[in-house]
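Working through the structure, step by step
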Amino acid sequence: MTRAEVLRWLRESDPAALDELWARADATRREHVGDAVHLRGLVEISNRCARSCAYCGISAANRDLIRYRMTAGEIAACARQAAALGYGTVVLQAGEDLGIGREWLAGGVRRIKTESPLAVTLSLGERPEGDLAAWRAAGADRYLLRFETSDAVLYGRIHPPLAGRPSDRIAILARLRELGYEVGSGVMIGIPGQTFDSLAADLELFAGLDLDMIGVGPFIPHPVTPLGRGELPDAPAGEQVPNTELMTYKVVALARLVCPDANIPATTALAILNIANGRELGLARGANVVMPNLTPARYRALYEIYPGKGRSPNTAADRDAGLSCAIERMGRTVGAGLGPRRRRL
Ligand code: SAH
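Residues numbered from 1 in each chain as written. Predicted model: local features only at pLDDT ≥ 70, side-chain atom pairs only at ≥ 80, totals over all residues. Heavy atoms only, no water.

**A few points about empty space enclosed by the protein**
One pass over the structure, following the stated rule, counts two cavities of 30 Å³ or more. A volume near 950 Å³ is recorded for the largest cavity. Lining the largest cavity are 49 residues, with Gln93, Ser123, Arg146, Glu148 and Ile305 sitting closest to its centre. Looking at the lining of the largest cavity, the elements that each hand over two or more residues are strand E1 (36-46), strand E2 (89-94), strand E3 (119-123), strand E4 (142-144), strand E5 (182-189), strand E6 (213-218) and helix H10 (268-273). At five residues, the largest contribution of residues to the lining of the largest cavity is made by E6. Here the residues of the lining of the largest cavity sort into 26 nonpolar, 15 polar and eight charged. Roughly 50 Å³ of internal volume is contained in the second largest cavity. Every residue lining the second largest cavity is listed: Ala72, Ile75, Ala76, Trp104, Leu105, Gly108, Arg111 and Ile112. (1 Å grid on protein atoms, 1.4 Å probe; cavity = no way out; pocket = protein on both sides within 12 Å on 5 of 7 lines; lining within 4 Å. Points joined across faces, edges and corners; volume = space filled by probe spheres on them. Helix = DSSP H or I, 4+ residues; strand = E, 2+ residues; numbered from the N terminus. Nonpolar A, V, L, I, M, F, W, Y, C, P; charged D, E, K, R; others polar.)

Shown next as structure tokens:
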């Protein structure tokens, strides 16, 4: 797909024309990854964070937030729950918490890999290479690190580096690949200052990085953050990407077309914009993964990277048959096995 075609879709507003995009994305999804919807249990293991990202509600700059880090036993219990529910994967996500030590987490990963058949995905931010290598050696299978935007100037504005340590997420993604992880990345949609051109470049980068997993969601302003307070400028009129549900579906569909065999979730942020059926529409327009939240309720409320997250729709109700029923009503099946990327040769 050329840059011009991607841009045309990103700017398309005619529902009848968009039906063609949805149909193409759904057909590509079916052909390349089939009807299985893989479930990944999300466990938000810590809301402590050393960074000051201008978009994120658990930024170190948010001094009013009560901070937590789950114990090794609590994490193991959540993993057992994921396995008992028949999920193939547990995803351990956190702020960039330097209190999550190399050996401590390696022990936690080994424990899950010993006690269960689960795949383990980590999403712990920009960690030193030695940590990433140790966790891979301990058995971690996958790592998620969104590059957030491919526009270097915008990235610098919303994602300040730690003193003396430039933030190069693209380089970390390459290193993760060399270490043998399945590699996931993605962007937020509708960040103030994000242009249509830069979003089209993001989609090209998904293909260029040959991503195994692609997570995209709308930017949702959090009032305690600089972006939520409107302190950073929008792109010029006509260039600013809106942070809407519709734009998110377009990016999910286009991600499917440019990376046909990637695993693509219908993300929580999308479900929050449309509680009734955002997730179903995501699955109908290119997505093949759902990540139900298994974080214990008392912590979940404190992992509010954007408003509403702590009360995300894919939580308690999903632990019963509700989610499986919704998947089956769509003519899809709940994925068996670990749900890795299967490359088409
Ligand atoms: N500390 C980890 C995990 C961050 S949370 C890391 O930095 O990778 C996972 C994702 O949530 C982020 O990568 C970002 O894309 C998304 N996110 C954070 N704040 C958001 C907001 N206000 N609106 C929408 N998505 C947000």
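**Things to note about the environment of leucine 203**
On the secondary structure map, leucine 203 appears in helix H8 (residues 196-208). Residues leucine 203 and valine 6, spaced 197 residues apart in sequence, show a C-alpha to C-alpha distance of 8.3 Å. Leave out the neighbours within four places in its chain, and leucine 203 touches Val6, Val251, Leu254, Ala255 and Val258. (Contact = heavy atoms within 4.5 Å.)

**Focus: the side chain of threonine 89**
Secondary-structure assignment places threonine 89 in strand E2. In this structure threonine 89 comes out as buried when scored by relative accessible area, which is 0%. Polar contacts involving the side chain of threonine 89 include one to the side chain of arginine 40, which spans 3.5 Å. In terms of polar contacts, threonine 89 uses its side chain to reach the side chain of arginine 142, at 2.9 Å. Among residues more than four places away in sequence, those in contact with threonine 89 are Leu39, Arg40, Gly41, Ala82, Leu118, Ala119, Thr121, Arg142 and Leu338. (Buried < 20%, exposed > 50% of the residue type's maximum accessible area, 1.4 Å probe, protein only. Polar contact = N/O pair within 3.5 Å; in protein donor to acceptor, adjacent residues only side chain to side chain.)

**Section: helix H7 (residues 169-178)**
Inspection of H7 places Arg169, Ile172, Leu173 and Leu176 among the buried residues, and these make up the whole buried set. Taken down its axis, H7 places every buried residue within 105 degrees of arc, on the same side. Looking at the buried side of H7, the elements it contacts are helix H5 (129-137), E4, helix H6 (152-158) and E5. With a side-chain oxygen positioned 3.3 Å from the backbone nitrogen of isoleucine 170, the residue opening H7 is aspartate 168. Positive phi shows up at glycine 180, right after H7, with a value of about 95 degrees. (Arc of directions from axis to C-beta.)

**Some details on the nonpolar core**
Of all hydrophobic cores here, the largest spans 94 residues; its most connected members are Ile45, Leu122, Tyr181 and Phe206. Setting aside its immediate chain neighbours within four residues, tyrosine 181 contacts Leu122, Leu132, Trp135, Arg136, Ala140, Asp141, Arg142, Tyr143, Leu176 and Asp212. Within the second largest apolar cluster, six residues are counted, among which are Leu42, Leu144, Met213 and Met291. (Core = buried A, V, L, I, M, F, W, Y, C linked by side-chain atoms within 4.5 Å.)

**Remarks on the packing of helix H1 (residues 3-11) against H8**
Contact geometry for H1 and H8: axes closest at 10 Å, N-to-C directions at 120 degrees. Classified by the angle their axes make, H1 and H8 are oblique. Both H1 and H8 take part in a crossing whose hand is right-handed. Residues Arg3, Val6, Leu7, Leu10 and Arg11 of H1 pack against Phe196, Asp197, Leu199, Ala200, Ala201, Leu203 and Glu204 of H8. Here the residues of the contact of H1 with H8 are counted per class, giving eight nonpolar, no polar and four charged. (Axes fitted to C-alpha atoms, helices over the stretch in contact; angles between N-to-C directions. Parallel < 35°, antiparallel > 145°, perpendicular 65-115°, else oblique. Left-handed = near helix turned anticlockwise from the far one by under 90°.)

**Examining the environment of glycine 282**
In this structure, glycine 282 sits in helix H11 (residues 278-284). A relative accessible area of 0% means that glycine 282 is categorised as buried. Separated by 32 residues in the primary sequence, glycine 282 and lysine 250 place their C-alpha atoms 9.6 Å from one another. When sequence neighbours within four positions are dropped, the list of residues in contact with glycine 282 reads Tyr249, Val252, Ala266, Leu270 and Ala287.

**Considering the pairing of E3**
Across a regular strand the side chains alternate sides, sitting on one face of the sheet and then on the other. Of all five residues making up E3, five are buried, and the element is well covered by its neighbours. Along E3, one buried face is formed by Ala119, Thr121 and Ser123 and the opposite face, lined by Val120 and Leu122, is buried too. In this structure, E2 lies alongside E3, joined through five bridges in parallel fashion. Residue pairing in the sheet places valine 91 in a bridge with threonine 121 of E3. Tracing the backbone out of E2, into helix H4 (residues 102-115) and back to the parallel element E3 gives a crossover that is right-handed. Sheet topology places E3 next to E4; two bridges connect them, and they run parallel. The residue of E4 that forms the bridge with leucine 122 is tyrosine 143. In this fold, the crossover linking E3 to E4 by way of H5 has right-handed handedness. (Pairing = 2+ DSSP bridges. Right-handed = clockwise from strand over helix to strand, strands pointing away.)

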